[in-house]
Amino acid sequence: MLKRTIFLILLAISVRPALAEPALWQVDTPQGRLWLLGSIHVGKRDSSDQLKAVADRLPQVHTLVQELAPEQMTLQPMQAAIMAYGVIKDGSLKDQLSPKAYQQIAQMAGDYQLPMAQLDRMRPWFVMMTLMQSALARHHFDPRLGIDNQMLAIARQRGWQLHGLESVDRQFQALSSTDSYADQMVQDSAKEMDGLDDTLTPMLAAWGQGQLGKLGDLCPLSQGQGPAYQAMHDATLKARNHEWLPKLADIAKGSDSLVVVGLGHIICQDGLLKLLAAQGDKVVRLQ
């Protein structure tokens with residue numbers, strides 16, 4: 001189903017009373033302090049007032065840290081990563097999918113008016129991301145209205161420093177590892193691509209109110225059982241979170257950083273909240 005795939009392409013549920021603010025955490029480490037804010041990477045409305053309120057609450061913050069630094073989102077590194085991890089070197093998409101899954105891709109491509117000749121050169125995960133972008137656009141979800149991009153715009157307005165936790169190459173490497181389960185990914189997505197609005201809109205509302213208990217579908221291990229979901233979790237969440245831990249310790253030394261990453265990275269099993277607490281850091285929800 002779509003909710004098993006969308007946050008793979010795009011990432012300890014704490015049940016609390018409804019709050020009229022997105023969840024924000026303060027993390028105190030032996031090295032210093034930082035703040036964590038979860039993102040959903042697409043949106044339909046301007047959330048800048050809420051995000052400005054978050055920034056106003058943290059007058060000591062002068063640095064924004066996101067999954068990717070702005071320079072990683074420019075044409076050259078993106079093209080290099082696509083060539084390395086998104087393009088089929090030998091053969092075609094048909095060689096990497098079952099006949100049924102390939103037919104489902106062809107049907108979705110027709111629905112979204114995408115040429116199969118172009119998709120045939122892409123690896124399965126990249127095909128699904130391309131189809132997902134078309135589905136998001138059809139349902140009027142805009143990556144420019146994602147929490148991360150809106151926070152980035154505010155940080156630029158305020159003259160903050162901007163840093164990233166990883167390269168786009170590393171992100172694409174993680175996503176490409178899901179090709180082993182391409183048939184299941186295609187089958188699940190084909191069933192519910194048109195139900196995107198029913199999946200995402202309640203999640204965005206829950207984010208705005210800090211209702212983390214309603215956001216479990218961000219977590220691959222909440223969405224199904226078996227090796228496919230474990231692999232998605234391990235590649236896209238667990239491994240990268242463990243890679244980020246020493247980087248967050250260095251970031252905390254400055255005690256002026258707001259870290260904004262996909263909310264799944266924060267609240268899911270093997271999420272940053274649990275990992276930071278397990279290594280002795282003090283994690284407190286501020287709102």
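Everything quoted here is computed from the prediction, not taken from an experiment.

Caption draft 1: Seen up close, the pattern of salt bridges. Going through the model one piece at a time under the given rule, you end up with 9 salt bridges. Between Asp179 and Arg123 there is a salt bridge, with its nearest N and O atoms 2.9 Å apart. Of the two residues, Asp179 is situated in the loop between α8 (168–176) and α9 (182–192) and Arg123 in the loop between α5 (116–119) and α6 (124–138); the sequence distance between them amounts to 56 residues. Classification of Asp179 as buried rests on a relative accessible area of 14%. A salt bridge links Asp250 to Lys253, with the nearest nitrogen and oxygen atoms 3.2 Å apart.

Caption draft 2: Broad picture of the packing of helix α4 (residues 99–111) against α9. At a minimum axis distance of 9 Å, the contact between α4 and α9 shows a crossing angle of 40°. By the angle between their directions, the pair α4 and α9 is classed as oblique. As for the relative orientation of α4 and α9, their crossing is left-handed in sense. Residues Ala101, Gln104, Ile105 and Met108 of α4 pack against Asp183, Val186, Gln187 and Ala190 of α9. Grouping the constituent residues of the contact of α4 with α9 by class yields 5 nonpolar, 2 polar and 1 charged.

Caption draft 3: Inspection of the nonpolar core at higher detail. One finds Leu36, Ile105, Met151, Leu258 and Ile267 to be the most contacted residues of the largest nonpolar core, which totals 84 residues. Among the elements that line this core, the one with the most residues is α6, at 9 residues.

Caption draft 4: Unusual backbone geometry, seen in detail. Even without a glycine there, the phi angle at Gln113 is positive, about 55°. On the secondary structure map, Gln113 appears in the loop between α4 and α5. For Gln113, a relative accessible area of 73% puts it in the exposed group. The phi dihedral of His140 is positive, around 65°, even though this residue is not glycine. Position of His140 among the secondary structure elements: in the loop between α6 and α7 (147–157). In this structure His140 comes out as exposed when scored by relative accessible area, which is 63%.

What counts and what doesn't
Numbering of residues starts from 1 in every chain and runs along the sequence as written. Totals for whole chains, interfaces and linings use every residue, but because this is a predicted model, local features are given only for residues with pLDDT of at least 70 and side-chain atom pairs only at 80 or more, for both listing and counting. Only hydrogens and water are set aside when side-chain values are computed; all heavy atoms of the structure are taken into account. A pair is scored as a salt bridge if a Lys or Arg side-chain nitrogen falls within 4 Å of a carboxyl oxygen belonging to Asp or Glu. Helix and strand assignments come from DSSP, with helices taken as H or I runs of at least 4 residues and strands as E runs of at least 2, each series counted from the N terminus. A simple rule labels every residue: compare its accessible area, found with a 1.4 Å probe on the protein chains alone, to the largest value its type can have, and call it buried under 20%, exposed over 50%, or partly exposed in between. Axis angles are defined between N-to-C directions and span 0 to 180 degrees, where every axis is a line fitted to C-alpha atoms and, for a helix, only to the segment in contact. Oblique is the label for every angle not falling under 35 degrees (roughly parallel), over 145 degrees (roughly antiparallel), or within 65 to 115 degrees (roughly perpendicular). Each crossing gets its handedness from the near helix: less than a right angle anticlockwise from the far helix is left-handed, clockwise is right-handed. We call two residues contacting when some pair of their heavy atoms lies within 4.5 Å. As a working rule, the residues Ala, Val, Leu, Ile, Met, Phe, Trp, Tyr, Cys and Pro are called nonpolar, Asp, Glu, Lys and Arg charged, and the rest polar, with Gly in that last group. In plain words, nonpolar cores are sets of buried Ala, Val, Leu, Ile, Met, Phe, Trp, Tyr and Cys residues tied together by side-chain atoms within 4.5 Å.

What is shown is where atoms sit, not what they do.
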